[in-house]
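The primary structure of each chain is shown beneath.
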Amino acid sequence: MKILLIGHSIIDHFEEVGNKIPKPGGVFYSSLGILSVSNACDGIFLLTSWNENSFYLFEKVYSKVDLRFAVKVDAMPEVFLKTSGEKEREEIYKNLSTQLSIKQINNWNQFDGILINMITGFDISLEQLKTIRKKFSGIIYFDFHTLSRGIEKNMKREFRPIPNAKEWLENIDIIQCNRSELDTIIKEGSEVERANQILQAGPKILIITKGEKGAQIYFNYRNKINSFSAAAERVNAVNKVGCGDIFGAVFFYSYISTKDVYKSLKTAIKAGAVAASKSNLTTQPDFRLND
């Protein structure tokens, strides 16, 4: 298979850690997730930006993917994260990037699937998504991520209703969001009611991640909306960063390989749990999520 990952690579800084050692972040974790379950014969392509001075942070993983569509930039986006407690993490950005260029790809149908992770919320524009949808007949997986957050004057990101949410939905096959992000897509109604509205807008599958409570999936089957939940696996959770990105990448790979929503969700749940149990994913790029 040939899979394209789209999203910003960013440099992470963690406030509660007490040191200033930067770490790779963003679509780095989607790449890590895909590599953990893909086969040697697969082609994993990455459309992102990179910087010569910071590439060493990403090299262990990015050396294993095809970077022909990646673009060199002068400064990488950076995010200062506060992840302590049960609340949504706080994010403050620096060097916030504009949209990634998609002009370097002529044949979109060379790919079996495309995963778009809106790491910064500015990874691609709505018009770029429409262009991809028009030119690509395969499955588009879309993680709303920071598209759900606006941007304040101090570069702090706060949740707000997504502008033109319906148009985004019309161009996506599989959606991933958490409960806070769901509120920014459709605010009113029960989860089931909102899931129905989202699936009626165009997507075939909606995945709502719920942290320690696992995940819920809604999907169209024989003209009816079905639902299935999977409980989270019990692990000693020591990490909260990158787990959702790895979850999404593993679900996507499993689904385009099997078309089995049940198996794919359970596999993704396990992957997220393993990621949560790793104290430092960035120093363990070769761990196997399916052990």
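Above this note sits the structure.
As the structure is a computational prediction, the values presented were derived from the model and not from experiment.

A. Quick look at the packing of aromatic side chains. As enumerated under the stated definition, the model contains 16 aromatic pairs in all. Judged by centre distance (5.3 Å) and plane angle (25 degrees), the ring pair of Phe58 and Tyr62 falls under stacked. Given a relative accessible area of 2%, Tyr62 falls into the buried group. Relative to Phe111, the ring of Phe69 has its centre 6.1 Å away and its plane inclined at 80 degrees; by these criteria the two rings are edge-to-face. Of the two residues, Phe69 is situated in the loop between helix H2 (59–62) and strand S6 (71–72) and Phe111 in the loop between strand S8 (90–94) and strand S9 (113–117); the sequence distance between them amounts to 42 residues. When sorted by exposure, Phe69 lands in the same class as Phe111, which is buried. Aromatic rings pair up to connect Phe28, Tyr29, Trp50, Phe55, Phe58 and Tyr62 into one cluster. Above the ring of Phe159, the side-chain terminus of Arg149 is found at 4.3 Å from the ring centroid. Its guanidinium or amino end placed over the ring of Tyr255, Lys259 lies 6.0 Å from that ring's centre, counting from NZ or CZ.

B. Quick peek at the pairing of strand S1 (residues 2–6). Among the five residues in S1, four count as buried, and that is most of the element. For S1 and S9, the ladder comprises four bridges, and the chain directions are parallel. Residue Leu5 lies in a different strand from S9, and its bridge partner there is Leu115.

C. Highlighting helix H1 (residues 27–37). Among the eleven residues in H1, eleven count as buried, and that is most of the element. Every buried residue belonging to H1 is among Val27, Phe28, Tyr29, Ser30, Ser31, Leu32, Gly33, Ile34, Leu35, Ser36 and Val37, and all of these are buried.

D. Examining the packing of H1 against helix H7 (residues 243–258) more closely. Between H1 and H7, whose axes approach to 7 Å, the crossing angle comes to 40 degrees. Considering their axes alone, H1 and H7 lie oblique with respect to each other. You can see that H1 and H7 cross each other, and the crossing is right-handed. Along its contact with H1, which presents Tyr29, Ser30, Leu32, Gly33, Ile34, Ser36 and Val37, the element H7 presents Asp245, Ile246, Ala249, Val250 and Tyr253. Along the lines of polarity and charge, the residues of the contact of H1 with H7 split into eight nonpolar, three polar and one charged.

E. Summary view of the sheet that holds S1. Spatially, the eight strands line up as an open sheet ordered S4-S1-S9-S10-S11-S12-S13-S14, and their pairing is mixed. Looking at strand neighbours, the two that pair on one side only are strand S4 (43–47) and strand S14 (224–230), the edges of this open sheet. Direction aside, the axes of adjacent strands within the sheet are offset by 15 degrees on average. Running over the sheet, H1 touches S1, S4 and S9 and is turned about 160 degrees from S1. Sitting on the sheet, H7 is in contact with S1, S9, strand S10 (139–143), strand S11 (174–178), strand S12 (205–209) and strand S13 (215–221), with an inclination near 165 degrees to S10.

F. Structural context of the nonpolar core. By size, the foremost hydrophobic cluster in this structure holds 55 residues, and its most contacted members are Tyr62, Ile207, Ile217, Phe251 and Leu265. Among the elements that make up this core, the one with the highest residue count is H7 (ten residues). Counting residues in each nonpolar core, the second largest holds 38 residues, with Leu100, Phe142, Phe144 and Ala195 among its members.

G. Main features of the layout of surface pockets. Of the volumes computed, that of the second largest pocket is approximately 180 Å³. The wall of the second largest pocket is formed by 15 residues, among which Gly121, Leu147, Arg160, Pro163 and Trp168 lie closest to the centre. Partitioning the lining of the second largest pocket into residue classes produces seven nonpolar, five polar and three charged.

H. Spotlight on the environment of Ala237. Here Ala237 lies in the loop between S14 and H7. Accessibility expressed as a relative area gives 52% for Ala237, which makes it exposed. Placed 110 residues apart in sequence, Ala237 and Glu127 show a C-alpha to C-alpha distance of 39 Å.

I. Region of the structure containing helix H8 (residues 261–276). The end-to-end C-alpha separation of H8 is 22 Å, in line with the 22 Å expected for 16 residues at 1.5 Å each. Within H8, burial applies to Val261, Ser264, Leu265, Ala268, Ile269, Ala271, Gly272, Ala273, Val274, Ala275 and Ala276. Elements in contact with the buried residues of H8: S12, S13, S14 and H7. For H8, the side-chain oxygen to backbone nitrogen distance between the N-cap and Tyr262 is 3.0 Å, and the N-cap itself is Asp260.

J. Structural view of the side chain of Ser36. Position of Ser36 relative to the elements: it lies in helix H1. A distance of 2.6 Å separates a polar side-chain atom of Ser36 from the backbone oxygen of Gly33.

K. Spatial organisation of the packing of H7 against H8. Relative to each other, H7 and H8 sit at 150 degrees, their axes nearing to 8 Å. Considering the angle they form, H7 stands roughly antiparallel to H8. Along this stretch, H7 crosses H8, giving a crossing that reads as right-handed. Contact residues: Cys243, Ile246, Phe247, Val250, Phe251, Ser254, Tyr255 and Thr258 in H7; Val261, Lys263, Ser264, Leu265, Thr267, Ala268, Ile269, Ala271, Gly272, Ala275 and Ala276 in H8. By residue class, the composition of the contact of H7 with H8 is 13 nonpolar, five polar and one charged.

Conventions we followed
- Residues numbered from 1 in each chain as written.
- Predicted model: local features only at pLDDT ≥ 70, side-chain atom pairs only at ≥ 80, totals over all residues.
- Heavy atoms only, no water.
- Phe/Tyr/Trp six-rings, centres within 6.5 Å; stacked < 30°, edge-to-face > 60°.
- Buried < 20%, exposed > 50% of the residue type's maximum accessible area, 1.4 Å probe, protein only.
- Helix = DSSP H or I, 4+ residues; strand = E, 2+ residues; numbered from the N terminus.
- Lys NZ or Arg CZ within 6 Å of the ring centre and 35° of its normal.
- Pairing = 2+ DSSP bridges.
- Axes fitted to C-alpha atoms, helices over the stretch in contact; angles between N-to-C directions.
- Parallel < 35°, antiparallel > 145°, perpendicular 65-115°, else oblique.
- Left-handed = near helix turned anticlockwise from the far one by under 90°.
- Contact = heavy atoms within 4.5 Å.
- Nonpolar A, V, L, I, M, F, W, Y, C, P; charged D, E, K, R; others polar.
- Core = buried A, V, L, I, M, F, W, Y, C linked by side-chain atoms within 4.5 Å.
- 1 Å grid on protein atoms, 1.4 Å probe; cavity = no way out; pocket = protein on both sides within 12 Å on 5 of 7 lines; lining within 4 Å.
- Points joined across faces, edges and corners; volume = space filled by probe spheres on them.
- Expected span 1.5 Å × (residues − 1).
- Polar contact = N/O pair within 3.5 Å; in protein donor to acceptor, adjacent residues only side chain to side chain.

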